[in-house]
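This is what each chain is made of:
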Amino acid sequence: ERRALASVPFTAFLNGGARCLAEMSRSVPDAARLASLSCPVGLLWGREDRVILPDVAEGLKAVWPGAPLAFLEGSGHCPQMEVPEAFVTALKTTL
């Protein structure tokens, strides 16, 4: 039986989210599926990202060896909001 989100205790919601984030921070998504992409790929990553760690970016770089990888200094998980000028510059460079 599906329960509405409003009926889930807030602490359970936070615990589930924390487990999800912890798993995401340690793992590279399905490499075979990602490698099958036929479009150009560029990787922009916040150097201080603590949601999906920079090591994951290195793992993705192994999936797409030709893809440019730029780490954005002074940025965490949302570089487009935290360092927008550096993000746009890096984006233009990777396109």
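Residues numbered from 1 in each chain as written. Predicted model: local features only at pLDDT ≥ 70, side-chain atom pairs only at ≥ 80, totals over all residues. Heavy atoms only, no water.

Asker: What am I meant to see in the overall build of the protein chain here?
Answerer: Secondary structure assignment for the protein chain yields five helices and two strands. Walking the protein chain from its N terminus toward its C terminus, one meets helices and strands in the order α-α-β-α-β-α-α. The 95 residues of the protein chain split such that 26% are buried. The long-range fraction of contacts in the protein chain, counting pairs at least 24 apart against all pairs at least 6 apart in sequence, stands at 60%. Accessible surface, the protein chain as shown: approximately 6700 Å² in total, 61% of it carbon and sulfur. (Helix = DSSP H or I, 4+ residues; strand = E, 2+ residues; numbered from the N terminus. Buried < 20%, exposed > 50% of the residue type's maximum accessible area, 1.4 Å probe, protein only. Contact = heavy atoms within 4.5 Å. Areas by Shrake-Rupley, 256 points an atom, 1.4 Å probe, with all protein chains shown as cover.)

Asker: I'm lost on the pairing of strand β1 (residues 43-46) in this one. Help?
Answerer: Along β1, one buried face is formed by L43 and W45 and the opposite face, lined by L44 and G46, is buried too. As defined by bridge partners, β1 adjoins strand β2 (residues 69-72) across four bridges and the pair is classed as parallel. In the sheet register, W45 faces β2, and the bridge partner there is F71. Taking the sense of rotation as the criterion, the β-α-β connection linking β1, helix α3 (residues 54-63) and β2 turns out right-handed. (Pairing = 2+ DSSP bridges. Right-handed = clockwise from strand over helix to strand, strands pointing away.)

Asker: Got a minute to help me understand α3 in this structure?
Answerer: Every α-helix winds through 3.6 residues per turn, so residues three or four apart in the chain are directed the same way. The set of residues buried in α3 consists of P54, V56, A57, L60 and V63. Considered in projection along α3, the buried side chains sweep an arc of 145° and stay on one side of the axis. Of the exposed residues in α3, the ones pointing more than 90 degrees away from its buried face are D55 and A62. (Arc of directions from axis to C-beta.)

Asker: Whenever I open this one, the nonpolar core confuses me. Can you help?
Answerer: One broad rule of soluble globular proteins: the nonpolar side chains tend to lie buried together. Listed in full, the twelve residues of the largest apolar core are L34, V41, L43, W45, I52, V56, A57, L60, V63, W64, A67 and F71. Only β1 and α3 provide two or more residues apiece to this core. Setting aside anything within four residues of it in sequence, one finds A57 in contact with L43, W45, L69 and F71. Listed in part, the five residues of the second largest apolar core include L44, L72, F87 and A90. (Core = buried A, V, L, I, M, F, W, Y, C linked by side-chain atoms within 4.5 Å.)

Asker: Please clarify how the side chain of T94 should be interpreted in this entry.
Answerer: With respect to the helices and strands, T94 occurs in helix α5 (residues 84-94). A distance of 3.0 Å separates the side chain of T94 from the backbone oxygen of L91, its partner in a polar contact. Not counting chain neighbours up to four residues away, the residues in contact with T94 comprise L44 and P68. (Polar contact = N/O pair within 3.5 Å; in protein donor to acceptor, adjacent residues only side chain to side chain.)

Asker: What exactly am I supposed to notice about the pattern of salt bridges here?
Answerer: Close approach of charged atoms lets side chains of opposite charge pair. Applying the stated criterion across every chain, the model contains one salt bridge. For E73, the salt bridge is made with R47, and the minimal N-O distance between the two is 3.1 Å. You can see E73 sitting in the loop between β2 and α4 (79-82) and its partner R47 sitting in the loop between β1 and α3, a full 26 residues away along the chain. (Salt bridge = Lys/Arg side-chain N within 4 Å of Asp/Glu carboxyl O.)

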